[in-house]
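Next come the chains, spelled out residue by residue.
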Amino acid sequence: DWSSDVCSSDLVSVNIFFFPRLDVDTFHDGVLYPMALMSSQGASANIDYVSWYGPLTPFLQGLWLKALGQNLIALRLHGACLVLLISYLLYKILLRFLKTSTAFYLTIIWTIGNPLILHPNLPWPDLYLTLLVLILMQVINGNSNWKFLNNISFLLTGFLLAMGLLFKINFILTILCL
């Protein structure tokens, strides 16, 4: 019923925004936060600091920190926003194949069970890549003729696949498997 769906989505939002870990995880925070901080101060990935996964993640995180403040909580809020956006796109895609209630509950399960939310609630490159893949699915599924993607969809698909490498370099394995 409708009220239980609203209650479930409210619980997910509370879990994401109000229960992030406030303690510092020296390893995970020590990987992402310094790269984002240096990027927000004008440093360049793989020139001024080593970007472990790809240059686009610290760049986007740096923009976020520049806009909302250069602290760890701002970066964790960014991660929460990414998860909510991914959840929304996942729900929209699942609606094409499943009943509304099934799509809703699968999305809730993914959102609550996401280890990037439970520990340590940071915007890892995996979140950006997941968002990118869901956007790719929207672009491809939005075109009804699979044999002949129109030129814009074809170019956008290629651009998004290439952009995935800038988020996480080992995405090349996925591209090679396509």
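Residues numbered from 1 in each chain as written. Predicted model: local features only at pLDDT ≥ 70, side-chain atom pairs only at ≥ 80, totals over all residues. Heavy atoms only, no water.

Visitor: Explain the side chain of T107 to me, please; I cannot follow it from the model alone.
Guide: Inspection of the secondary structure puts T107 in helix α5 (residues 100-113). Among residues more than four places away in sequence, those in contact with T107 are S87, L90, Y91 and L94. (Helix = DSSP H or I, 4+ residues; strand = E, 2+ residues; numbered from the N terminus. Contact = heavy atoms within 4.5 Å.)

Visitor: Looking at this structure, I do not really get the packing of helix α4 (residues 72-95) against α5. What am I missing?
Guide: Describing two packed helices takes the angle between their axes plus the distance from one axis to the other. With their axes 9 Å apart at the nearest point, α4 and α5 run at an angle of 150° to one another. In terms of their interaxial angle, α4 and α5 are classed as roughly antiparallel. Considering the relative orientation of α4 and α5, their crossing is right-handed. Residues V83, I86, S87, L90, Y91, L94 and L95 of α4 form the contact with α5, whose participating residues are T100, A103, F104, L106, T107, W110 and T111. (Axes fitted to C-alpha atoms, helices over the stretch in contact; angles between N-to-C directions. Parallel < 35°, antiparallel > 145°, perpendicular 65-115°, else oblique. Left-handed = near helix turned anticlockwise from the far one by under 90°.)

Visitor: Sorry if this is basic, but what is going on with helix α3 (residues 56-68) here?
Guide: Note on helix geometry: an α-helix contains 3.6 residues per turn, so any two residues three or four positions apart are oriented the same way. With 13 residues, α3 should cover 18 Å at 1.5 Å per step; its first-to-last C-alpha distance of 18 Å lies within 8% of that length. Here α3 has its buried residues at L56, T57, P58, Q61, G62 and L65. Trailing α3 by a residue or two, G69 shows a phi angle of about 115°, which is positive. (Expected span 1.5 Å × (residues − 1). Buried < 20%, exposed > 50% of the residue type's maximum accessible area, 1.4 Å probe, protein only.)

Visitor: Can you walk me through the nonpolar core in this structure?
Guide: The nonpolar side chains of soluble globular proteins are, as a tendency, buried together. L134 and F167 are the most contacted members of the largest nonpolar core, which has 21 residues in total. Looking at this core, the elements with two or more residues in it are α4, α7 (125-141) and α8 (151-167). Counting residues per element, this core draws most heavily on α7, which supplies eight residues. If we ignore the near neighbours within four places in the chain, the residues touching L134 are I86, L89, L90 and I93. (Core = buried A, V, L, I, M, F, W, Y, C linked by side-chain atoms within 4.5 Å.)

Visitor: Would you mind going over the pattern of salt bridges with me for this structure?
Guide: Any two side chains of opposite charge can pair if their charged atoms end up close together. Tallied over the entire structure, the rule returns one salt bridge. Across the pair D126 and K168 runs a salt bridge, and its minimum N-O distance is 2.8 Å. Of this pair, D126 sits in helix α7 while K168 sits in the loop between α8 and α9 (172-177), placing them 42 residues apart in sequence. Assessed through its relative accessible area of 14%, K168 is described here as buried. (Salt bridge = Lys/Arg side-chain N within 4 Å of Asp/Glu carboxyl O.)

Visitor: Would you explain α5 in this entry?
Guide: In a regular helix each residue adds 1.5 Å, so 14 residues correspond to 20 Å; α5 covers 20 Å between its end C-alpha atoms and thus fits that length. Burial in α5 covers these residues: A103, F104, T107, I108 and T111. Down the axis of α5, the buried set is contained in an arc of 135°. They therefore lie on one face. (Arc of directions from axis to C-beta.)

Visitor: Even after reading the chapter, I still don't get unusual backbone geometry, so can you show me in this structure?
Guide: Excluding glycine, residues mostly have negative phi values, and the peptide bonds linking residues are mostly trans. A positive phi angle, close to 65°, is found at N46, a residue other than glycine. Position of N46 among the secondary structure elements: in the loop between α2 (26-40) and α3.

Visitor: Honestly, the confidence of the model for the protein chain in this entry has me stumped. Any pointers?
Guide: Should pLDDT be low for a region, the predicted coordinates there are not to be read in detail. Averaged over all residues, the pLDDT of the protein chain is 79; the fraction at 70 or higher stands at 74%. Looking across the protein chain, the model is least confident in helix α1 (residues 2-17), with a mean pLDDT of 56, and most confident in α3, with 93. (pLDDT = per-residue confidence, 0-100.)

Visitor: When you look at the packing of aromatic side chains in this model, what are you seeing that I'm missing?
Guide: The way to describe two aromatic rings as a pair is by their centre distance and the angle between their planes. Under the defined criterion, the tally for this structure stands at five aromatic pairs. Their ring planes at 55° and their centres at 6.4 Å tell us that W52 and Y53 sit as a pair that is tilted. Of the residues examined, Y53 reaches a relative accessible area of 23% and is grouped as partly exposed. Ring centres 5.8 Å apart and planes at 80° place the aromatic pair Y53 and W124 in the edge-to-face group. Within this pair, whereas Y53 is found in the loop between α2 and α3, its partner W124 is found in the loop between α6 (115-118) and α7, the two being separated by 71 residues in sequence. Judged by relative accessible area, W124 falls into the buried class, the value being 7%. Grouped by ring-pair contacts, the aromatic residues W52, Y53 and W124 constitute a single cluster. (Phe/Tyr/Trp six-rings, centres within 6.5 Å; stacked < 30°, edge-to-face > 60°.)

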